[in-house]
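Summary of structural features
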Amino acid sequence: MTTVDKELVQADVIIVGAGPGGLTAALYASRANLKTIIIEKGMPGGEINNTADVENYPGFKLISGPELANHIFESAMAFGAEHVYGDVEKIEVEGLTKKIHTSKTIYQAPVVIVATGANHRKLGVPGEELLAGKGVSYCAVCDGFFFRNRHVIVVGGGDSAVEEGTYLTQFADKVTIIHRRDELRAQKVLQNRAFANEKVNFVWDTVVEEIIGENNVEGVKVRNVKTDETSTIEADGVFVYVGLIPNSDTVKALNVTNEEGWIVTNNQMETSVPGLFAVGDVRHTNLRQIATAVGDGSQAGHMAYQYLMSLKD
Ligand code: NAP
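Residues numbered from 1 in each chain as written. Predicted model: local features only at pLDDT ≥ 70, side-chain atom pairs only at ≥ 80, totals over all residues. Heavy atoms only, no water.

If you check an unreviewed UniProt entry, the protein chain appears there as Thioredoxin reductase from Globicatella sulfidifaciens DSM 15739. In the Subunit (unreviewed entry) part of its UniProt record, the protein chain is described as follows: "Homodimer." Recorded under Catalytic activity (unreviewed entry), the UniProt text for the protein chain is reproduced unchanged: "[thioredoxin]-dithiol + NADP(+) = [thioredoxin]-disulfide + NADPH + H(+)". (UniProt positions renumbered as here; feature names shortened; annotations may be inferred.)

Below, the structure is given as structure tokens:
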């Protein structure tokens, strides 16, 4: 299908990505009576769907990720925003108009809010790709169940590695967290919970150099970065939590990202392109939480209205 054949859909505000940031922006924009369309290629809720328990989102002492995703989605849709399926290929700017291309449709609006989040970074070692889905995983909530009474390795030292490592003890007999330093980056509350869990043990100052196994994960080859000593640790699964990479390819040509690919905004979520906003994990920020994404989304939804009013002056 050529560009000419594509259906053209017009709105006031197009939001790309239905995680907590995008959904909150949709709530604020639609509640301000703006014709709002939110485009998502996966499940509404984004990364929260892969989180077992959320205990740091105000209003809920403890709630499952998918349940919270559903609550946020329902309230975001309550004021008339439209949710459509679509895999966005590129975002173009022509004067004041932004064009969002999917395979079948071109969405057009003066305001676009990019809420495309981030993906899990890969380790980039031999065996990782080959054994993905055969013991190598990036989602404990999705795959933890397969490791009942097994030994699993978690790679990383941030919130994700430590929280998901502890979560995996529900299934696994033993969880070994391998971290490249001798100090965790994770929040203290998560560290303390992991240290207190008998099933969790740590291997410090160590990097994974290879994931081994023919049809399934059998273990990892590791190297101690202080002694340079190498060894093999046997395991049935490897969960990789070594950080995030931004999903910002669709706006790369617009010059709104920094050298690492995060979208740069001001406190009002405005990028350097008028009418183009970014919220949530894809944004250059020092804290990536559901609560911060929701804050970003409310700001962007509000600013979308302000921006559209300014065009009428
Ligand atoms: P992160 O905070 O960037 O941590 C990544 C970890 O992986 C770091 O410990 C890093 O080591 C290690 N690492 C990076 N590259 C590596 C490599 N090539 N080999 C071995 N180790 C490597 O990422 P994250 O834990 O996925 O968290 C992402 C964001 O989500 C953060 O902002 C986090 O706070 C947030 N989050 C919050 C919660 C919560 O509030 N409950 C839960 C999950 C995530 P160094 O420490 O040495 O750099």
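Attention shifts here to the site of the ligand. The local shell around the ligand holds 20 residues, among which Asn56, Asp159, Ser160, Arg181 and Arg185 are the closest. Within the contact set of the ligand, an oxygen atom lies 3.0 Å away from a side-chain nitrogen or oxygen of Gln289. In isolation the ligand has 920 Å² of accessible area, and contact with the protein removes 79% of it. The element that contributes the greatest number of residues to the shell around the ligand is helix 4 (residues 159-168), accounting for three residues. The class makeup of the residues in the shell around the ligand is four nonpolar, nine polar and seven charged. Two domains share the shell around the ligand, each providing at least three of its residues, namely domain 1 (7-119 + 244-311) and domain 2 (136-240). (Near = heavy atom within 4 Å. Polar contact = N/O pair within 3.5 Å; in protein donor to acceptor, adjacent residues only side chain to side chain. Areas by Shrake-Rupley, 256 points an atom, 1.4 Å probe, with all protein chains shown as cover. Helix = DSSP H or I, 4+ residues; strand = E, 2+ residues; numbered from the N terminus. Nonpolar A, V, L, I, M, F, W, Y, C, P; charged D, E, K, R; others polar. Domains from an automatic or database assignment.)

On to the sheet that holds strand 3 (residues 36-40), then. One key point about sheets: their strands pair by backbone hydrogen bonds, in either a parallel or an antiparallel sense. Pairing is parallel across the open sheet formed by five strands, whose spatial order is 6-3-2-10-21. If you trace the sheet from one side to the other, it starts and ends with strand 6 (82-85) and strand 21 (276-278), each paired once. Taken pair by pair, the neighbouring strands of this sheet meet at an average axis angle of 20°, ignoring direction. Where strand 10 (residues 111-114) meets strand 21, three bridges bridge the pair, whose relative direction is parallel. Following the sheet pairing, Val112 is matched in strand 21 by Leu276. Of the strands in this sheet, strand 2 (13-16), strand 3 and strand 10 touch helix 1 (residues 20-31), which is tilted by about 165° from strand 3. (Pairing = 2+ DSSP bridges. Axes fitted to C-alpha atoms, helices over the stretch in contact; angles between N-to-C directions. Contact = heavy atoms within 4.5 Å.)

The side chains of a regular strand alternate between the sheet's two faces. Across the two faces of strand 15 (residues 200-203) the burial differs, with Val200 and Phe202 buried and Asn201 and Val203 not buried at all. Two strands pair when backbone bridges link them, and strand 14 (residues 174-178) and strand 15 are joined in this way by four bridges, in the parallel orientation. Counterpart to Ile177 in the pairing with strand 15 is Phe202. In the classification by handedness, the crossover that spans strand 14, the intervening helix 5 (residues 188-195) and the parallel strand 15 is right-handed. (Buried < 20%, exposed > 50% of the residue type's maximum accessible area, 1.4 Å probe, protein only. Right-handed = clockwise from strand over helix to strand, strands pointing away.)

A few words now on the pattern of salt bridges. According to the stated counting rule, one finds eleven salt bridges in the structure shown. Notably, a salt bridge pairs Arg223 with Glu209, separated by 2.7 Å at the nearest N-O pair. Pair noted here: Arg223 is in strand 17 (residues 219-224) and Glu209 is in strand 16 (residues 206-212), with a separation of 14 residues, a long-range link. Judged by its relative accessible area of 35%, Glu209 is partly exposed. Salt bridges sharing common partners tie together Asp182, Asp205 and Lys226. (Salt bridge = Lys/Arg side-chain N within 4 Å of Asp/Glu carboxyl O.)

This part covers the sheet that holds strand 14. Taken in spatial order, the five strands line up as 12-19-13-14-15 in an open sheet, and their pairing is parallel. In this open sheet, the two edge strands, each paired with only one partner strand, are strand 12 (136-137) and strand 15. Sheet analysis places strand 13 (residues 151-155) next to strand 19 (residues 237-240), joined by four bridges and oriented parallel. In the strand pairing of strand 19, Val152 is matched with Gly237.

Take the side chain of Thr166 next. Secondary-structure assignment places Thr166 in helix 4. Assessed through its relative accessible area of 14%, Thr166 is described here as buried. Beyond its immediate sequence surroundings of up to four residues, Thr166 is in contact with Arg193, Ala194, Asn197 and Val200.

Once that is clear, we can look at the environment of Arg185. Note that Arg185 resides in the loop between strand 14 and helix 5. For Arg185, a relative accessible area of 64% puts it in the exposed group. Residues Arg185 and Pro66, spaced 119 residues apart in sequence, show a C-alpha to C-alpha distance of 26 Å. Apart from the residues lying within four places of it in its own chain, the contact partners of Arg185 are Gly157 and Gly158.

Our next topic: the domain arrangement of the protein chain. The accessible area lost on association of the parts is a frequent measure of interface size. Parsing the protein chain into structural domains produces domain 1 (7-119 + 244-311) and domain 2 (136-240). Distance between the C-alpha centres of domain 1 and domain 2: 32 Å. Each side of the interface is counted separately: domain 1 has seven residues, and domain 2 has nine residues. Across the interface of domain 1 and domain 2, roughly 510 Å² is buried in total on both sides, 45% from carbon and sulfur atoms. Put simply, domain 1 and domain 2 have one salt bridge between them. Summed over the shared surface of domain 1 and domain 2, the result is one residue pair in polar contact (both at pLDDT 80 or more). For the side of domain 1 that touches domain 2, the class distribution of residues is one nonpolar, four polar and two charged. (Buried area = accessible area lost by both parts, 1.4 Å probe.)

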